[in-house]
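So you can see what is in the structure, the chains are spelled out below.
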Amino acid sequence: NVKFDILPPPEQLARGEELRRRIGLRPVLLAASTREGEEALLFEALAKRPRGEALLVVVPRHPQRFDEVAALAANAGFVVQRRSEDAQIAPQTQVLLGDSMGEMFAYYAACDVAFVGGSLLEYGSQNLIEACAAGRPVIIGRSTYPFEHAAGEALACGAARQVGSAEELMQAAATLLRDDAARGRMGEAGKAFAARHRGATDRTLALISRAMR
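Residues numbered from 1 in each chain as written. Predicted model: local features only at pLDDT ≥ 70, side-chain atom pairs only at ≥ 80, totals over all residues. Heavy atoms only, no water.

### Concerning the nonpolar core
Among soluble globular proteins, nonpolar side chains are generally buried collectively. Quick reminder of the rule: Working definition of a nonpolar core: buried Ala, Val, Leu, Ile, Met, Phe, Trp, Tyr and Cys residues. They are joined through side-chain atoms within 4.5 Å. Whether a residue is buried, partly exposed or exposed follows from its accessible area with a 1.4 Å probe, protein chains only, as a fraction of its type maximum: under 20%, in between, or over 50%, in that order. Segments assigned H or I by DSSP are reported as helices when at least four residues long, segments assigned E as strands when at least two residues long, and all are numbered from the N terminus.
With 36 residues, the main nonpolar core has Leu30, Val57, Tyr107, Tyr108, Leu128, Val138 and Ala154 as its most contacted residues. Per-element tally for this core: the top contributor is helix α4 (residues 104-110), with five residues. Listed in part, the 30 residues of the second largest apolar core include Phe43, Ala45, Ile139 and Leu176.

Here you go:
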């Protein structure tokens, strides 16, 4: 899988560090590349958790849904900020909307735990390899195609955990956010998992070269 050969760009990691500085000391749960219907489930589950437990950063998969997701969060009663405001994250903010393009590695760098969207409903998981490569503990739902093989290996090596509902997701995230050692183990397992599978690009080019000759 050539997606294993994508390394976190240093400038993205630096941008993530700056975003984290603006967030402050609060634990951060990232919901990356979420799909329609998933955000409402996340907000409903978040409303049942103790307030201030963590900042939820939601990055919708499709930019045309940014305004819709911001409205969903506000209508659910949460204080919302948008990444595009490029401002310090206020202490009272509960949901940060990732309404920017090309910054996924920055969001991974800024978070403590990453949920990979598309997997909570029957869409098929988005790319969990990037979260693993960034060294972040990964939570995924049951719908893992087209990354079924990668998800299975990430689960087997301890880089990821799987949940069946938004409530389970929030509980799993809360447990990890309280356990520095567990997050560290999962993050290191993810980086090792990603590194172990690198090289597909070179192997593919070698096959193409031989075929052309």
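### Digging into the pattern of salt bridges
Operational definition: The term salt bridge refers to a pairing of a side-chain nitrogen on Lys or Arg with a carboxyl oxygen on Asp or Glu at a separation within 4 Å.
Inspection of every chain in the model, using the stated rule, returns 14 salt bridges. Aspartate 67 serves as the salt-bridge partner of arginine 82, at 2.9 Å between the closest nitrogen and oxygen. Of this pair, arginine 82 sits in strand β3 (residues 80-82) while aspartate 67 sits in helix α3 (residues 66-75), and the two are 15 residues apart along the sequence. Owing to a relative accessible area of 23%, arginine 82 belongs among the partly exposed residues under this scheme. Classification of aspartate 67 by relative accessible area gives exposed; the value is 54%.

### Considerations on unusual backbone geometry
Here the amide bond leading from tyrosine 145 into proline 146 is cis, since omega sits at 5 degrees, within 30 degrees of zero. Of note, the phi angle at serine 33 is positive, near 55 degrees, even though the residue is not glycine. Here the phi dihedral of aspartate 86 falls at roughly 55 degrees; this positive angle occurs in a residue that is not glycine. Counting through the fold element by element, aspartate 86 comes out in the loop between β3 and β4 (95-97).

### Section: the packing of aromatic side chains
The following threshold applies: Planes of paired rings set the category: under 30 degrees apart is stacked, over 60 is edge-to-face and the rest tilted, where pairs are Phe, Tyr or Trp rings (Trp by its six-membered ring) whose centres lie within 6.5 Å.
Applying the stated rule across the entire model yields two aromatic pairs. Relative to phenylalanine 193, the ring of phenylalanine 4 has its centre 5.4 Å away and its plane inclined at 80 degrees; by these criteria the two rings are edge-to-face. Note that phenylalanine 4 is positioned in the segment before α1 (10-23) and phenylalanine 193 in helix α8 (residues 180-196), a separation of 189 residues in sequence. Given a relative accessible area of 6%, phenylalanine 4 falls into the buried group. Summarising the aromatic geometry, the rings of phenylalanine 43 and phenylalanine 78 are spaced 6.0 Å apart at their centres and angled 55 degrees between planes, so their arrangement reads as tilted. Here the residue phenylalanine 43 occupies a position in helix α2 (residues 38-47), and phenylalanine 78 occupies one in the loop between α3 and β3, the gap between them amounting to 35 residues.

### Quick notes on empty space enclosed by the protein
To keep it simple, the criterion reads: Grid spacing is 1 Å over the protein atoms alone, the probe is 1.4 Å, and a cavity is where that probe fits but cannot get out, while a pocket is an open set with protein on both sides within 12 Å along at least five of seven lines and lining residues have an atom within 4 Å of a point. Grid points are joined across faces, edges and corners, and a volume is the space filled by probe spheres set on the points. Classes in brief: Ala, Val, Leu, Ile, Met, Phe, Trp, Tyr, Cys and Pro nonpolar; Asp, Glu, Lys and Arg charged; the others, Gly included, polar.
Scanning all chains against the criterion turns up one cavity of 30 Å³ or more. In this model, the largest cavity occupies a volume close to 40 Å³. Taken together, Leu19, Arg22, Gln81, Arg82, Arg83, Glu85, Asp86, Ala87 and Ile89 make up the full set of residues lining the largest cavity. Looking at the lining of the largest cavity, the elements with two or more residues in it are α1 and β3. Residues of the lining of the largest cavity, tallied by class, amount to three nonpolar, one polar and five charged.

### Quick look at the pairing of strand β1 (residues 28-34)
To be explicit about the condition: A pair of strands is treated as paired once DSSP finds two or more bridges between them. Look down the strands so they point away from you; if the path from the first strand over the helix to the second goes clockwise, the crossover is right-handed.
Burial of β1 is extensive: seven of the seven residues sit out of reach of the surface. Judged from the six bridges that link them, β1 and strand β2 (residues 55-60) form a sheet pairing that is parallel. Among the inter-strand pairings, valine 28 is bridged to a residue of β2, identified as leucine 55. Following the backbone out of β1, through α2 and into the adjacent parallel β2, one traces a crossover that is right-handed. Pairing analysis gives four bridges linking β1 to strand β5 (residues 113-116), with the strands arranged parallel. When the bridges of β5 are listed, alanine 32 appears paired with valine 116.

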